[in-house]
Amino acid sequence: LQVSNIKDLTGSNTGLSIASDGQVTIAQNNPTITLGSNTTFPSNSVFFLGKNDVVSTGAQDTSSSGFQDTGLEISISDVSAYSKIIIQAVTGTRIDSGSYNLARYRLERTAPSTTTLNIYDQTGLVASTPPYQAVITLQGIDDSLGSGTHTYKVQYSRHFGSYVTYVGSSTSIATILAFGVV
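Residues numbered from 1 in each chain as written. Predicted model: local features only at pLDDT ≥ 70, side-chain atom pairs only at ≥ 80, totals over all residues. Heavy atoms only, no water.

A word on the packing of aromatic side chains
Within the structure shown, the criterion is met by three aromatic pairs. Relative to Tyr156, the ring of Tyr105 lies with its centre 6.3 Å away and its plane at 40°, an arrangement referred to as tilted. Pair noted here: Tyr105 is in strand β8 (residues 101-111) and Tyr156 is in strand β11 (residues 150-160), with a separation of 51 residues, a long-range link. In this structure, Tyr105 and Tyr156 share a single accessibility class: buried. When the ring centre of Phe67 is taken as origin, the NZ or CZ atom of Arg106, which lies over that ring, is 3.9 Å away. (Phe/Tyr/Trp six-rings, centres within 6.5 Å; stacked < 30°, edge-to-face > 60°. Helix = DSSP H or I, 4+ residues; strand = E, 2+ residues; numbered from the N terminus. Buried < 20%, exposed > 50% of the residue type's maximum accessible area, 1.4 Å probe, protein only. Lys NZ or Arg CZ within 6 Å of the ring centre and 35° of its normal.)

Structural notes on the nonpolar core
Counting 21 residues, the largest nonpolar core has Ile87, Val154 and Ile176 as its most contacted members. Of all the secondary-structure elements, those providing two or more residues to this core are β6 (68-76), β7 (84-95), β8, β10 (132-142), β11 and β13 (174-181). With four residues, the top contributor of residues to this core is β7. Among all residues touching Ile87, those that are not within four sequence positions of it are Ile74, Ile76, Leu107, Leu117, Leu138, Gln139, Gly140, Tyr152, Ile176, Leu177 and Ala178. (Core = buried A, V, L, I, M, F, W, Y, C linked by side-chain atoms within 4.5 Å. Contact = heavy atoms within 4.5 Å.)

What to know about unusual backbone geometry
Peptide bonds are, in most cases, trans, and in most cases residues other than glycine have a negative phi. In this structure, Pro112 follows Ala111 across a cis peptide bond, with omega equal to 5°. The topology assignment puts Pro112 in the loop between β8 and β9 (115-125). The backbone of Asn44 sits at a positive phi, close to 75°, despite the residue not being glycine.

With respect to the pairing of β7
Burial of β7 is one-sided: the residues Ile85, Ile87, Ala89, Thr91, Thr93 and Ile95 facing one way are buried, the residues Lys84, Ile86, Gln88, Val90, Gly92 and Arg94 facing the other way are not. Where β7 lies against β13, seven bridges are found, and the strand directions are antiparallel. In the sheet register, Ile85 faces β13, and the bridge partner there is Gly180. Pairing between β7 and β10: 11 bridges, direction antiparallel. (Pairing = 2+ DSSP bridges.)

This is the structure in structure tokens:
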């Protein structure tokens, strides 16, 4: 069968044209196209995998200098189709007043194995002033994927000082996004 045009059921509209070089043109406004499971996308194509919003995780315990979870995390159950996972996270932070109160944030993969993707080092107060507020942005590329569910978390630690810190607030939303790269 050789054709150059395929028309709709009424025969009045050409919905599909095939050029002599094999290029296919779909001449329809807003067509619905379903791709089969054997579809191959070009290398470095990026796909949105999901997001998680957190309104507020409240006050964080700063008695420990080790990293602790903020509650901002995302899990991807199947990474087998991707060569890399891109993670982006944005959160507000508030550190109560005091001299030399500094915090650190990091983006960490905690499953199936642990690796640090990004560290945001030393945000906070150097001199005693009103509470410090800032927007923390973290992003990282995970290119050593394993099998199974991959979980990514934003964590923080007390870097210096003794204070209370808040991740997000009742009026702001912290967000973490995941993208897969073919």
